[in-house]
Amino acid sequence: MNTTDIRTLFNYNDWANRRVLDRAGALSPAQLLAPAPVPQGSLLGTLAHTLVAEVIWRRRWQGEWPIDVDDIEAYQTLEELLARWPSETTALQGFLAGLTDQALQQVVHYKTTKGVPYENVLWQLMAHVVNHGTQHRAEAAMLLTGFGSSPGDLDLIVFLREQHSNLE
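Residues numbered from 1 in each chain as written. Predicted model: local features only at pLDDT ≥ 70, side-chain atom pairs only at ≥ 80, totals over all residues. Heavy atoms only, no water.

### Side note on the overall build of the protein
When its secondary structure is counted, the protein shows seven helices and two strands. When the helices and strands of the protein are placed in sequence order, the string is α-α-α-α-α-β-β-α-α. By the compact-globule yardstick of 15 Å for 168 residues, the protein fits well, its C-alpha radius of gyration being 16 Å. Dimensions of the protein along its principal axes, counting C-alpha atoms only, are 45 × 45 × 25 Å. The 168 residues of the protein split such that 43% are buried. Within the protein, contacts between residues at least 6 apart in sequence are counted, and of these 70% link residues at least 24 apart. Per element, the accessible surface of the protein, about 8800 Å² overall, is 54% carbon and sulfur. Side-chain charges in the protein split into 12 positive and 19 negative, and the spacing between the mean points of these groups amounts to 2 Å. (Helix = DSSP H or I, 4+ residues; strand = E, 2+ residues; numbered from the N terminus. Rg over C-alpha atoms; globule rule 2.2 N^0.38 Å. Buried < 20%, exposed > 50% of the residue type's maximum accessible area, 1.4 Å probe, protein only. Contact = heavy atoms within 4.5 Å. Areas by Shrake-Rupley, 256 points an atom, 1.4 Å probe, with all protein chains shown as cover. Lys, Arg positive; Asp, Glu negative; His and termini not counted. Charge placed at Lys NZ, Arg CZ, Asp CG, Glu CD.)

So this is what it looks like as structure tokens:
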């Protein structure tokens, strides 16, 4: 894995997040908070979990401990979530801009939110975050589709094809 690859994955992650968030904006607060058969209990909970996970992982990569996590329950409305997401995207893009191929191969020592120590290679952790987002976007897409507001295809290949056609 190199910086070009990892930046592509995170650009895809941002693209897919925006597609889901755009469609979520078409729903009512009741729909966003409706109980759902997903681990976070609702569409809003799923979206908040996705954001908070990205914040936690980026801070771990930057060596922050203990991590002052954004509490998922702090996001009671989509507006609150949408107000916070751009600053995380900016922070993550800043982190990505400073990455080197060598840094991607470094072992990161970190602790879980419960204090359990682990270590992994940075590029593996970063690929995990994109994959984690894919799981929860799929859950969100299922819920959005049920409300008649599908985000459409979220596949990596769709993103890559769009990027390629935008270059032509």
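### Digging into helix H6 (residues 122–146)
In an α-helix there are 3.6 residues to a turn, and that puts residues three or four apart on one side. Across its 25 residues, H6 extends 36 Å between first and last C-alpha, which sits within 8% of the 36 Å expected from 1.5 Å per residue. In the segment just after H6, glycine 148 is the residue with positive phi, at about 75 degrees. (Expected span 1.5 Å × (residues − 1).)

### Re the nonpolar core
In terms of nonpolar packing, the biggest core is built from 47 residues, with Phe10, Leu47, Trp61, Leu81 and Met126 touching the most fellow members. Looking at this core, the elements that each hand over two or more residues are helix H1 (3–24), helix H3 (43–61), helix H4 (78–97), strand S1 (107–111), H6 and helix H7 (156–167). The biggest single contributor to this core is H3, with 10 residues. Sequence-distant contacts of methionine 126, defined by excluding residues within four places in its chain, comprise Ile6, Phe10, Trp61, Phe95, Leu96, Leu99 and Leu104. (Core = buried A, V, L, I, M, F, W, Y, C linked by side-chain atoms within 4.5 Å.)

### So, the pattern of salt bridges
Under the counting rule described, the total for this entry stands at four salt bridges. Across the salt bridge formed by aspartate 14 and arginine 18, the nearest N and O atoms sit 3.1 Å from each other. Placement of both aspartate 14 and arginine 18 in helix H1 is noted, with a separation of four residues, approximately one turn of the helix. We classify aspartate 14 as buried; its relative accessible area is 18%. The class of arginine 18 is partly exposed, set by a relative accessible area of 42%. When the shortest N-O distance is used, the salt bridge between glutamate 88 and arginine 84 registers 3.8 Å. Residue glutamate 88 and its partner arginine 84 are located together in helix H4, separated by four residues, close to a single helical turn. Using a relative accessible area of 17% as the deciding quantity, one classes arginine 84 as buried. One connected set of salt bridges, linked through shared partners, spans Arg58, Arg84 and Glu88. (Salt bridge = Lys/Arg side-chain N within 4 Å of Asp/Glu carboxyl O.)

### Quick notes on the pairing of S1
What you see with S1 is a clean split: Val108 and Tyr110 sit on the buried side and Val107, His109 and Lys111 on the side with no burial. Sheet analysis places S1 next to strand S2 (residues 117–121), joined by five bridges and oriented antiparallel. Bridge pairing in S2 places valine 107 opposite valine 121. As consecutive antiparallel partners, S1 and S2 are separated by five residues, and within that stretch glycine 115 has a phi angle of approximately 90 degrees, a positive value. (Pairing = 2+ DSSP bridges.)

### Observations regarding the packing of H3 against H6
Look at H3 against H6: their axes get within 9 Å of each other, and the N-to-C directions meet at 170 degrees. As far as their axial angle goes, H6 and H3 are roughly antiparallel. Taking contact as the criterion, the partners of Leu43, Thr46, Leu47, His49, Thr50, Ala53, Glu54, Trp57 and Trp61 in H3 are, on H6, Leu122, Leu125, Met126, His128, Val129, His132, Gly133, His136, Glu139, Ala140, Leu143 and Leu144. Residues belonging to the contact of H3 with H6 are distributed by class as follows: 12 nonpolar, seven polar and two charged. (Axes fitted to C-alpha atoms, helices over the stretch in contact; angles between N-to-C directions. Parallel < 35°, antiparallel > 145°, perpendicular 65-115°, else oblique. Nonpolar A, V, L, I, M, F, W, Y, C, P; charged D, E, K, R; others polar.)

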